[in-house]
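# Results of the structural survey
Each chain, letter by letter, is given below.
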Amino acid sequence: MTGRARAGVLAACAVVVLLAAWYAGAQVPASVPAPVTGSVRLGPEPGEEVAAYLQRLPAELPAPGTAALALVQFTAELPASAAVPAVAGTTPVTAVLRVPMPRVQTALRFQPLEQGMPVPAALDAARRRAQEQAAADAQRQAGRAADVAAAEAMALADPATPCVLALVVQAERAGLDAMAARPDVRAVHAAPTGVTARELALSPLLPEQVEHADPLPDDGQPPS
């Protein structure tokens, strides 16, 4: 067989293989893609005007009698003992913990809450896990970052530390309305009905953000 004939045979074989692969693929129904984790944002957009953000939230609440997940954002970080009554009548799912320090950016620590456990105990367990994370960060990092993480770990070791910045809860519209009227609650941002916790991207308002959702100053010194 000549070289030209051999090349023609190989090309024909390649075409047959490609057609077979196309046919096999066409017989398999396309699967529905899984939801992307973090595809539904709860919290203001970066740089968004705080007043405009708060104003748009009532329109995003679910219809009466319908349950949805919602990010309950507090006016200031609360100790667990105050956070529990602030979300009474709902099912807390996730805690967002933060240790406030003047002019120091500290970590947002997202902790799922164990279901079936009393809420105070679940929040306390979340605080302990956050404390362990901060202590590990202090060991892993160096310089100022290590000092900040060490200060966080020290604060989180105390159960009375005000560190609960926000909670994701499951509730019907009436429960969300009731929470929004409580004095410790700054905002209730509901997700669309049917959204699951793993689809949420959480970015709660910080108490220091009063005009725009901009980064906070980071030129202070963490407590030693």
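Here the residue index of a chain counts from 1 through its sequence in written order. With pLDDT at 70 or above as the cut-off, local features in this predicted model cover only qualifying residues; side-chain atom pairs require 80 or more to be listed or tallied, and sums for whole chains, interfaces and linings still use all residues. Values shown for side chains rest on all heavy atoms present in the structure; no hydrogens or waters enter the calculation.

On a plain count of helices and strands, the chain comes out with six helices and seven strands. Listed by position from the N terminus, the elements making up the chain come as α-β-α-β-α-β-β-α-α-β-α-β-β. The contact criterion used is simple: two residues touch if any of their non-hydrogen atoms lie within 4.5 Å. Pairs at least 24 apart in sequence give 79% of the contacts found in the chain among residues at least 6 apart. Using a 1.4 Å probe, accessible areas were evaluated by the Shrake-Rupley method; residue-level cover was limited to the displayed protein chains. Counting only carbon and sulfur atoms, one obtains 62% of the accessible surface of the chain, whose full area is about 12,100 Å². A run of DSSP states H or I qualifies as a helix once it reaches four residues; a run of E qualifies as a strand once it reaches two. Both are numbered from the N-terminal end.

What follows covers the nonpolar core. Throughout this description, the term nonpolar core refers to a set of buried Ala, Val, Leu, Ile, Met, Phe, Trp, Tyr and Cys residues connected via side-chain atoms within 4.5 Å. Under the scheme applied here, a residue whose accessible area is under 20% of the maximum for its type counts as buried, over 50% as exposed, and between as partly exposed, the area being computed with a 1.4 Å probe on protein chains only. One finds F74, L167 and L176 to be the most contacted residues of the largest nonpolar core, which totals 34 residues. Secondary-structure elements contributing two or more residues to this core are β2 (67–78), α3 (80–86), β3 (91–97), α4 (119–140), α5 (143–156), β5 (164–172), α6 (173–180) and β6 (185–190). Here the element with the most residues in this core is α4; it accounts for five residues. Leave out the neighbours within four places in its chain, and L167 touches A70, L71, V72, F74, A83, V87, T94, A95, L113 and L123.

Positionally, H189 belongs in strand β6. The term polar contact refers here to a pair of N or O atoms within 3.5 Å; inside protein, the definition further demands a hydrogen-donor-capable atom paired with an acceptor-capable atom, and it admits residues adjacent in sequence only when both atoms are side-chain atoms. Among the polar contacts made by the side chain of H189, one reaches the main-chain amide nitrogen of G43 at a distance of 2.9 Å. Of note is the side chain of H189, whose polar atom sits 2.9 Å from the side chain of Y53. In this view, H189 contacts R41, L42, G43, Y53, R56, L57, E60, L69, A70, L71 and Q73; residues no more than four positions away in its chain are not counted.

The next point concerns the sheet that holds strand β4 (residues 109–112). When DSSP finds at least two bridges between two strands, those strands are taken to pair. Judged by pairing direction, the sheet is antiparallel, and its five strands sit side by side in the order β4-β3-β5-β2-β6 without closing on themselves. Every other strand in the sheet has two partners, leaving β4 and β6 as the edge strands with one partner each. Going across the sheet, the axis of each strand differs from the next one's by a mean of 25°, ignoring polarity. Sheet analysis places β2 next to β5, joined by eight bridges and oriented antiparallel. Its bridge partner being in β5, A68 is matched across the sheet by A171. Angles run from 0 to 180 degrees between N-to-C directions of axes, and those axes are lines fitted to C-alpha atoms, restricted for helices to the stretch in contact.

Next up on the list: the pattern of salt bridges. Whenever Lys or Arg places a side-chain nitrogen within 4 Å of a carboxyl oxygen from Asp or Glu, that contact is recorded as a salt bridge. In the structure shown here, the tally under the stated rule is 13 salt bridges. Between D137 and R109 there is a salt bridge, with the nearest N and O atoms lying 3.1 Å from each other. Taken as a pair, D137 in helix α4 and R109 in strand β4 lie far apart in primary sequence, 28 residues in all. Like R109, D137 is buried.

Take α6 next. Every buried residue belonging to α6 is among G175, L176 and M179, and all of these are buried. All buried residues of α6 fall inside an arc of 100° around its axis, so they share one side. Where α6 is buried, its residues touch β2, α3, β5 and β6. By definition, the arc is the one covered by directions from the helix axis to the C-beta atoms.

Here the focus is unusual backbone geometry. Its identity as a non-glycine residue notwithstanding, R103 has a phi of 55°, on the positive side. For R103, a relative accessible area of 47% corresponds to the partly exposed category.

What follows deals with the pairing of β2. For a regular strand, side chains alternate in direction, first toward one face of the sheet and then toward the other. In terms of burial, β2 is largely enclosed, as nine of its 12 residues are buried. Relative to β6, β2 runs antiparallel, the two sharing five bridges. Looking at β6, one finds that F74 is bridged to V185.

Before going further, it helps to examine the confidence of the model for the chain. Taken residue by residue, the chain gives an average pLDDT of 88. The fraction at 70 or more is 83%. Here residues 9–36 is a poorly scored stretch, pLDDT under 50, and it has four contacts once near neighbours within four places are set aside; other chains count. pLDDT expresses how confident the predictor is about each individual residue, on a scale running from 0 to 100.

In the contact formed by α4 and α5, the axes pass within 8 Å of each other and the chain directions differ by 155°. Taken as axis vectors, α4 and α5 run roughly antiparallel relative to one another. For the element pair α4 and α5, the recorded crossing hand is left-handed. Contacts between α4 and α5 involve R127, A130, Q131, A134, A135, D137 and A138 from the former and A146, A149, A150, E152, A153 and L156 from the latter. Under the scheme applied here, ten amino acids are nonpolar (Ala, Val, Leu, Ile, Met, Phe, Trp, Tyr, Cys and Pro), four are charged (Asp, Glu, Lys and Arg), and all others, including Gly, are polar. Looking at the contact of α4 with α5, its residues break down into nine nonpolar, one polar and three charged. Convention used here: angles under 35 degrees read as roughly parallel, angles over 145 as roughly antiparallel, angles from 65 to 115 as roughly perpendicular, and any remaining angle as oblique. Each crossing gets its hand from how the near helix is turned against the far one by less than a right angle, where anticlockwise is left-handed and clockwise is right-handed.

Position of P192 among the secondary structure elements: in the loop between β6 and β7 (200–202). The spacing of P192 and A68 is 124 residues in sequence and 6.8 Å in space, taken between C-alpha atoms.

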